[in-house]
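Chain residues, written in single-letter form:
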Amino acid sequence: MTNPAQTYPLHHNPQLNADGELTHLLSIDGLPREALTNILDIASSFLEVSDRDVKKVPLLRGKSVFNLFFENSTRTRTTFEIAAKRLSADVINLDVARSSTAKGETLLDTIDNLVAMHADMFVVRHAASGAPYLIVDHLRRIGRSDVHVVNAGDGRHAHPTQGLLDMYAIRHYKKDFSSLRVAIVGDILHSRVARSDIHALTTLGVAEVRAVGPQTLLPAAIERMGVQVCHSLQDGLCDCDVVIMLRLQNERMNGTLLPSAREYFQCYGLTPAMLALAKPDAIVMHPGPMNRGVEIDSRVADGPQAVILPQVTFGIAVRMAVMSILAGN
Amino acid sequence: MPLTKLPDAEAQCAELAELIRPQLQANTLLVGIHSGGAWIARRLNELLGLGGKIGLIDVSFYRDDFGAKGLHPQIKPTSIPFDVEGKSLILVDDVLYTGRTTRAAINELFDYGRPACIKLAVLADRGGRELPICAQFCTWHPELDLTEEIVLEPDAAGRLQWRRADHD
């Protein structure tokens, strides 16, 4: 069955199959609005499954999902695992850092071995931008495009399921995207979450996306992604509906990008006073893990406007939706 | 022989309610299968004066053709706003055909608990069963060719009506 909502024009997008259906999820960039809306709609049906007596549906029964995390992650790996298990898939978590890769096996040799073990889907996180694309291209060349790939974060490039769950949270609390002002605050330069959020927000047609941070943490020419640049947090938060805080990685503190965590908090930390500049009903989001006292004040993180924990719950439903859409195409 | 005139679906709902009424129990609850069965279940709930909540079920996550067809594009959330444990459930659908949708709905209901019993009420039973499933309550047995399809939908005023949707 070809579903019109899931069929897109072909322009060599490696995420799509010959029928134009989504068969891998690599990036939000290049997906039309209907594709994103369709994923969010299906996720809303999955949300209820987690409230049942038996928290499982049989869609991926008999399928094997391999979690391949070449980079550390707790939340993303766990929620992908829960999502796959609630779809009745068998989930295999590979501790790649301590296994064959550490012994010198190449990424594609690892993939070949797992395909030989009858993998149906790979959930991949890798420090190198583009690694999941390499896997998709390899699967195509060995004639195994029936094995699906989900990008769970590649380098600085993309984290599409985080972008989608952020959109789910925004739609849940704000209903409509068209009139929203959204501020993304922090280390946008190193953030794949920021890139995926920006692509998703512009595709879904929000009124304004603001990239807020010091010059050293904003990518050059970011305006070309359709965002407004603000170097002051006050300007960035003024009258906005949604605040997406990004994690400031500790390792950035030691370099030349920032003077100190304390000084960063002085200028860009989200305190109750700063948040008061946004609309009174603004929501505060964070992809986690949070650095309290660095990018976000505990009074905000634990306050009534924070939707950081609901984001985690939505993430499971969104990942169930993505995995079941891919597996069905 | 092709159907020339389609019956009044609203009258069939009333007839179905009267078939069910003698068998109502104190713990009877209705569960409608999206979308046609959900509309009929709402009608039956009013006609039988049950007053309480009805369950709505979308069997997309339980279909046996997911591997071949993928996910159905218009999924609606399943909503079972009561504890099914020990209840007498009446599953409501518009057309009973292969029985596969009913099978999926029964499987889904059991993921909510263990009902005392499940009965099936449909407006139309067109035969063609591929599973050992039958309806306890049914108002119409149309004889249809394989290419003939009937679809239940509300008109502009919200009245349920049958429409022909034949295919090649």
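Residues numbered from 1 in each chain as written. Chains lettered and ligands numbered in written order. Predicted model: local features only at pLDDT ≥ 70, side-chain atom pairs only at ≥ 80, totals over all residues. Heavy atoms only, no water.

Within chain B, the secondary structure is distributed over four helices and seven strands. Rg of the C-alpha trace for chain B: 16 Å, near the compact-globule value of 15 Å for 168 residues, within the 12% margin. Seen through its C-alpha atoms, chain B measures out along the principal axes to roughly 45 × 40 × 30 Å. Across the 168 residues that make up chain B, the buried fraction comes to 47%. (Helix = DSSP H or I, 4+ residues; strand = E, 2+ residues; numbered from the N terminus. Rg over C-alpha atoms; globule rule 2.2 N^0.38 Å. Buried < 20%, exposed > 50% of the residue type's maximum accessible area, 1.4 Å probe, protein only.)

Take the interface of chain A and chain B next. Every contact between the two is made by 21 residues of chain A and, on the other side, 17 residues of chain B. Summed over both sides, the interface between chain A and chain B buries roughly 1700 Å², with carbon and sulfur atoms accounting for 62% of that surface. Linking chain A with chain B are one salt bridge. Across the pair Glu108 of chain B and Arg52 of chain A runs a salt bridge whose closest N-O atoms are separated by 2.7 Å. In this assembly, chain A and chain B are joined by six residue pairs in polar contact (both at pLDDT 80 or more). (Contact = heavy atoms within 4.5 Å. Buried area = accessible area lost by both parts, 1.4 Å probe. Salt bridge = Lys/Arg side-chain N within 4 Å of Asp/Glu carboxyl O. Polar contact = N/O pair within 3.5 Å; in protein donor to acceptor, adjacent residues only side chain to side chain.)

Residues and elements named next belong to chain A. Taken domain by domain, chain A comprises domain 1 (33-158 + 313-326) and domain 2 (160-311). Contact residues are listed per partner, giving 28 residues for domain 1 and 27 residues for domain 2. Each partner contributes to the roughly 2300 Å² buried at the junction of domain 1 and domain 2, and carbon and sulfur atoms together form 61% of this total. When the buried area of domain 1 at its contact with domain 2 is split by residue, Leu40, Arg156 and Phe314 rank highest and sum to 33% of it. We note a salt bridge from Arg192 to Glu71, for which the minimum N-O separation is 2.9 Å. Where domain 1 packs against domain 2, one counts 13 residue pairs in polar contact (both at pLDDT 80 or more). Put simply, the parts of the chain that give the side of domain 1 that touches domain 2 at least two residues each are α1 (33-47), α2 (75-86), β3 (121-126), β4 (148-154) and α12 (308-328). Counting residues per element, the side of domain 1 that touches domain 2 draws most heavily on α1, at nine residues. Its residues assigned to classes, the side of domain 1 that touches domain 2 comprises eleven nonpolar, nine polar and eight charged. (Domains from an automatic or database assignment. Nonpolar A, V, L, I, M, F, W, Y, C, P; charged D, E, K, R; others polar.)

For the rest of this paragraph, the subject is the sheet that holds strand β5 (residues 137-140) of chain B. Residues and elements named next belong to chain B. Taken in spatial order, the five strands line up as β2-β1-β3-β4-β5 in an open sheet, and their pairing is parallel. The open sheet has two edge strands with one neighbour each: β2 (55-57) and β5. On average, each strand axis in the sheet is tilted by 20 degrees relative to the strand beside it, whichever way the strands run. (Pairing = 2+ DSSP bridges. Axes fitted to C-alpha atoms, helices over the stretch in contact; angles between N-to-C directions.)

This part takes up the nonpolar core. Within soluble globular proteins, side chains that are nonpolar tend to cluster in buried spots. Counting 91 residues, the largest nonpolar core has Phe46, Leu164, Ile170, Ile184 and Met323 of chain A together with Phe61 of chain B as its most contacted members. Residues lining this core come from more than one domain, with at least three contributed by each of domain 1 (33-158 + 313-326) and domain 2 (160-311) of chain A. Aside from chain neighbours lying at most four places away, what touches Phe46 of chain A is Val57, Leu59, Leu87, Ala317, Met320, Ala321 and Ser324 of chain A together with Phe61 of chain B. (Core = buried A, V, L, I, M, F, W, Y, C linked by side-chain atoms within 4.5 Å.)

With that settled, consider the pairing of strand β1 (residues 28-33) of chain B. In the case of a regular strand, side chains alternate between the two sheet surfaces. Residue and element names in this part refer to chain B. Of all the six residues making up β1, six are buried; the element is thus mostly covered by neighbouring parts of the structure. Alternating residues of β1 divide into Thr28, Leu30 and Gly32 and Leu29, Val31 and Ile33, and every residue in both groups is buried. As paired strands, β1 and strand β3 (residues 88-96) are joined by five bridges and run parallel to one another. The residue of β3 that forms the bridge with Leu29 is Leu89. As paired strands, β1 and β2 are joined by three bridges and run parallel to one another. Its bridge partner lying in β2, Gly32 is registered against Leu56.

The subject of this paragraph is the sheet that holds strand β8 (residues 242-245) of chain A. All names here are of chain A. With parallel pairing, the five strands of this open sheet are ordered in space as β7-β6-β5-β8-β9. Only two strands of the sheet have a single partner each, and these edge strands are β7 (228-230) and β9 (283-285). In this sheet, neighbouring strand axes are inclined to one another by 20 degrees on average, regardless of whether the strands run parallel or antiparallel. Bridge analysis of strand β5 (residues 181-185) against β8 gives four bridges, and the strand direction is parallel. The residue bridging Val185 from the neighbouring strand is Met245, located in β8.

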